[in-house]
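# Working through the structure, step by step
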Amino acid sequence: MFQGLDPDTDFQLIGNFSVSKPVGPRCLAKIGTDLMYWGSSGPEGLRKLLSGVSGRADVTGIAIQDQFENAYQSNYGQHGFEILHYSRPSWIMFNVPKIYPTNTVQYVFNLETSAWFEITGWNAISWVEHQSYAYYGSSDGCVYISDFGADDAGEPIDLDFMANWSEYQTPNLKKFNMAKVTVRSQHKPSPLLDIMTDYDERTPRGTTAFPQKATVSAWNSTPWDTSPWTAAPVFNVDTFGLTDHGYVGAFRYREQVIDSFLQFYGYQLIFEVGDVL
């Protein structure tokens, strides 16, 4: 590592440090007052590397450590590995090329909630933040603005939430009966939801307890005094029946949204506890 202002005149070597192999040329990003390095073992802060304690990813703990290591082992050498600090929503985005250049995903760490999520459908090969919005270049030669508007290139936005697997404080067999869901939205939600059990990540079987979403009218595009105005977001707290049992569970919620506002706030589960077999 060198220190200085001008590489030609005053750079001085201040130390040698061993780090994991970089995922590619865009493996560094400034995150707050630290510098993030992305290597084969996952992302690490420069402060941790300088302390001589390198290894498992420190920004994230070990929440998705396996995904980072698998991404490196399966896709090393492909163009597109990159870190972006997207400051407006306080995200750190890790661009992962699955099948370059047509299949790219983003592992995203929310700095405000310390939670992870994955974005699909943004087949980015490079990223930049400009005027508080994140733009990406695609293999089709176009530049796209991401995380903007109320649709996904004219199609509905797909939301798919799945909680961590949990024993819910008891190793006993459980019969899951009901989920209480809190959603803030402009219209009554109509999700697919289910309880995954015993590590079976099936497609949610869903429910139709909510009425269908109303269509939101664009401003000045429909006749006045004949179409409903776009509603202000309100909280919807509703309950759904569940019909499954298992030793571990993970709640899953799926929804499609277009030209409307929706935030998934949380859920509560009701279940009966049985005996250990």
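Here's a quick rundown of the structure. Here the structure is a predicted model, which is why all the values come from computation and not from measurement. (Residues numbered from 1 in each chain as written. Predicted model: local features only at pLDDT ≥ 70, side-chain atom pairs only at ≥ 80, totals over all residues. Heavy atoms only, no water.)

### Remarks on the overall build of the protein chain
How we decide: Where helices and strands are cited, they refer to DSSP runs of H or I of at least four residues and of E of at least two residues respectively, numbered from the N terminus. Burial here depends on accessible area, computed with a 1.4 Å probe over protein chains only, as a share of the maximum for the residue type. Under 20% is buried, over 50% is exposed, and the range in between is partly exposed. For the area figures, the Shrake-Rupley method with a 1.4 Å probe applies, and any residue is considered shielded solely by the protein chains shown.
Counting secondary structure elements, the protein chain contains two helices and 18 strands. Expressed as a percentage of the 277 residues in the protein chain, the buried residues total 36%. When the accessible surface of the protein chain is summed, it comes to about 16,200 Å², and 52% of that surface belongs to carbon and sulfur atoms.

### A look at helix 2 (residues 65-75)
Filter applied, for reference: It is the directions from the helix axis to the C-beta atoms whose arc is reported.
Along helix 2, the positions that sit buried rather than exposed are Gln65, Phe68, Ala71, Tyr72 and Asn75. The buried residues of helix 2 occupy an angular sector of 140° when the element is viewed end-on, so they sit on one face. Set apart from the buried face of helix 2 by more than 90 degrees, the exposed residues are Gln73 and Ser74. Glycine 77 occupies a position one or two residues after helix 2 and carries a positive phi of about 100°.

### Describing the packing of aromatic side chains
This is how the line gets drawn: Under the pairing criterion, centres of Phe, Tyr and Trp rings, with the six-membered ring standing for Trp, must be within 6.5 Å; the plane angle then separates stacked pairs below 30 degrees from edge-to-face pairs above 60, leaving the rest tilted.
All told, the structure shown has 26 aromatic pairs when counted by the stated rule. On the basis of an interplanar angle of 85° and a centroid distance of 5.2 Å, the ring pair of phenylalanine 68 and phenylalanine 94 is categorised as edge-to-face. Pair noted here: phenylalanine 68 is in helix 2 and phenylalanine 94 is in strand 7 (residues 91-99), with a separation of 26 residues, a long-range link. Of the two residues, phenylalanine 68 and phenylalanine 94, both sit in the buried class. Clustering of aromatic rings is evident, with ring pairs tying together Trp38, Phe68, Phe81, Phe94, Tyr107, Phe109 and Trp116.

### Re the sheet that holds strand 11 (residues 133-138)
In plain terms, the rule: Note: two strands are recorded as paired if DSSP finds a minimum of 2 bridges between them. Axes, fitted as lines to C-alpha atoms, cover a helix only where it is in contact. Angles between the N-to-C directions of the axes lie from 0 to 180 degrees.
The antiparallel open sheet is built from three strands, whose spatial order is 10-11-12. Two strands close off the open sheet at either side, each with one partner strand: strand 10 (124-130) and strand 12 (143-145). The sheet shows a mean angle of 30° between the axes of neighbouring strands, taken without regard to direction. Relative to strand 12, strand 11 runs antiparallel, the two being bridged by three bridges. Note on strand 12: the bridge partner recorded for glycine 137 is valine 143.

### Notes on the layout of surface pockets
Defined as follows: Grid points spaced at 1 Å and placed over the protein atoms alone form the basis of the search, with a cavity being a set where a 1.4 Å probe fits but cannot get out and a pocket an open set showing protein on both sides within 12 Å along at least five of seven lines. Lining residues have an atom within 4 Å of a point. Grid points are joined across faces, edges and corners, and a volume is the space filled by probe spheres set on the points. Just so you know the grouping, Ala, Val, Leu, Ile, Met, Phe, Trp, Tyr, Cys and Pro go in nonpolar, Asp, Glu, Lys and Arg go in charged, and all remaining residues, Gly too, go in polar.
What the largest pocket holds in volume is close to 2,400 Å³. Forming the boundary of the largest pocket are 48 residues, of which Phe117, Glu118, Ile119, Asp158 and Leu159 lie nearest the centre. Taken together, the elements giving at least two residues each to the lining of the largest pocket come down to strand 8 (103-110), strand 9 (115-120), strand 11, strand 12, strand 13 (157-162), strand 17 (249-257) and strand 18 (262-273). Split into classes, the residues belonging to the lining of the largest pocket amount to 26 nonpolar, 13 polar and nine charged.

### Quick notes on the environment of threonine 243
Which entries qualify depends on this criterion: Residue contacts are counted whenever heavy atoms from the two residues lie within 4.5 Å of one another.
Within the secondary structure, threonine 243 is located in strand 16 (residues 234-246). Take threonine 243: its relative accessible area is 66%, and that puts it in the exposed class. In this structure the C-alpha to C-alpha distance between threonine 243 and aspartate 194, which are 49 residues apart in sequence, comes to 8.6 Å. Beyond its immediate stretch of four places on either side in the chain, threonine 243 contacts Phe176 and Arg205.

### Looking at the side chain of threonine 170
Among the secondary structure elements, threonine 170 is positioned in the loop between strand 13 and strand 14 (174-185). Given the relative accessible area of 14%, threonine 170 is considered buried. Once residues within four sequence positions are removed from consideration, threonine 170 is found in contact with Tyr247 and Val273.

### Digging into a nonpolar patch on the surface
This is how the line gets drawn: Patch membership requires more than 30% relative accessible area and the absence of a salt bridge. Residues of like charge join within 9 Å; the nonpolar side chains Val, Leu, Ile, Met, Phe, Trp and Tyr join within 5 Å. Any carboxyl oxygen of Asp or Glu within 4 Å of a side-chain nitrogen of Lys or Arg constitutes a salt bridge here.
Together, Met1, Ile14, Phe17, Val19 and Leu50 make up an exposed nonpolar region whose accessible area comes to about 410 Å². Tracing the backbone shows isoleucine 14 in the loop between strand 2 (12-13) and strand 3 (28-31). Note on isoleucine 14: relative accessible area 47%, which makes it partly exposed.

### Points about the environment of asparagine 103
Tracing the chain through its elements places asparagine 103 in strand 8. Judged by its relative accessible area of 31%, asparagine 103 falls in the partly exposed class. For the pair formed by asparagine 103 and isoleucine 125, sequence separation is 22 residues and the distance between their alpha carbons is 9.8 Å. Setting aside its immediate chain neighbours within four residues, asparagine 103 contacts Val96, Pro97, Lys98 and Asn123.

### Some details on the pattern of salt bridges
Counted under the stated rule, the structure contains seven salt bridges. The residue aspartate 160 makes a salt bridge to arginine 254 at a minimum N-O spacing of 3.5 Å. Here arginine 254 lies in strand 17 and aspartate 160 lies in strand 13, a separation of 94 residues in the sequence. As a salt-bridge pair, arginine 202 and aspartate 200 come within 3.9 Å of each other at their nearest N and O atoms. Classification of arginine 202 by relative accessible area gives buried; the value is 17%. Connected through salt bridges with shared partners, the residues Asp194, Asp200, Arg202 and Asp244 form a single ionic network.

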